[in-house]
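Okay, here's what each chain looks like letter by letter:
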Amino acid sequence: MTGRARIGPVRFTGKIECDIICSEISELAKCAVRLFVFINMNEELRSPVEAVFFQLWILDKGRYMAENVVPITSEGYQKLENELNYLRTVRRDEVAERLRLALEEGGDLTENAEYDDAKNEQAFIEGRILQLETQLSRAQIIADEGPKDVVRLNSMVTVKEEGFEPETFHIVGPVEADPRKGKISDESPLGQALLGKKDGDKVTVEAPDGKFEYTILSVQ
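Residues numbered from 1 in each chain as written. Predicted model: local features only at pLDDT ≥ 70, side-chain atom pairs only at ≥ 80, totals over all residues. Heavy atoms only, no water.

Peer 1: Please explain the pairing of strand 9 (residues 210-219) as it appears in this structure.
Peer 2: Within a regular strand, the side chains alternate between the two sheet faces. Summarising the sheet, strand 5 (residues 156-160) and strand 9 pair through four bridges and their orientation is antiparallel. Residue pairing for strand 9: Lys160 is matched across the bridge by Thr215. Here six bridges tie strand 8 (residues 202-207) to strand 9, and the two strands are oriented antiparallel to one another. Among the inter-strand pairings, Glu206 is bridged to a residue of strand 9, identified as Lys211. (Pairing = 2+ DSSP bridges. Helix = DSSP H or I, 4+ residues; strand = E, 2+ residues; numbered from the N terminus.)

Dropping the structure here:
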């Protein structure tokens, strides 16, 4: 994760991407995220530490979600429901079968690579199921109300930074945020700067590597 790349309104490096993710979770999980970045740069460390990290992150994120309403679009809610159903009815059975076959091989389980891999996969699946269950239990569908010319949750906002082409972003809750697909969390620096603004307004976004100014071209 070296170098710089412009992805939407934020210049990403490994550290900056970490800081954006960490804005929504606790200090404990911040350490885990940064550890994960280090592990991800060292292939030999990825398994089984990745599974341990993921479970830690899921537990922390679950506590965060349990205390907060999760704003989400109806499309996003359906997407999470579909994923949860798939993990429960398909992926759980698939990994259980992998474990069964690995156990049938016999021998020392500490030297059984297939068994270890299946156990790690199971940890990821169960962690994701826990996360989805928590998110859906706290979900609140974003109401399509309020003035259309003011930036709010579910708005489509086109902005321009001097020297760059215009970009359009969808303002969503943290659960649906995906900067690479133009979905910006309302809790992110850019999302917070845009909320409540109108066409023609200028906003300044403070990111880890500097301040950036954008002009709002349109709000839908």
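Now that the structure has been shown, we can carry on.
Peer 1: Help me understand the side chain of Thr73, please; the structure alone is not making it clear to me.
Peer 2: Within the secondary structure layout, Thr73 lies in the loop between strand 3 (70-72) and helix 4 (74-104). Within polar-contact distance, the side chain of Thr73 engages the side chain of Glu176 at 2.7 Å. In this structure Thr73 touches Ile141, Ile142, Asn154, His170 and Glu176, once residues within four positions along its chain are discounted. (Polar contact = N/O pair within 3.5 Å; in protein donor to acceptor, adjacent residues only side chain to side chain. Contact = heavy atoms within 4.5 Å.)

Peer 1: Looking at this structure, I do not really get the sheet that holds strand 7 (residues 183-185). What am I missing?
Peer 2: Paired through their backbone hydrogen bonds, the strands of a sheet run either parallel or antiparallel. Judged by pairing direction, the sheet is mixed, and its five strands sit side by side in the order 7-6-5-9-8 without closing on themselves. Looking along the sheet, the strands with just one partner apiece sit at the ends: strand 7 and strand 8. The average undirected angle you get between the axes of adjacent strands in this sheet is 45°. (Axes fitted to C-alpha atoms, helices over the stretch in contact; angles between N-to-C directions.)

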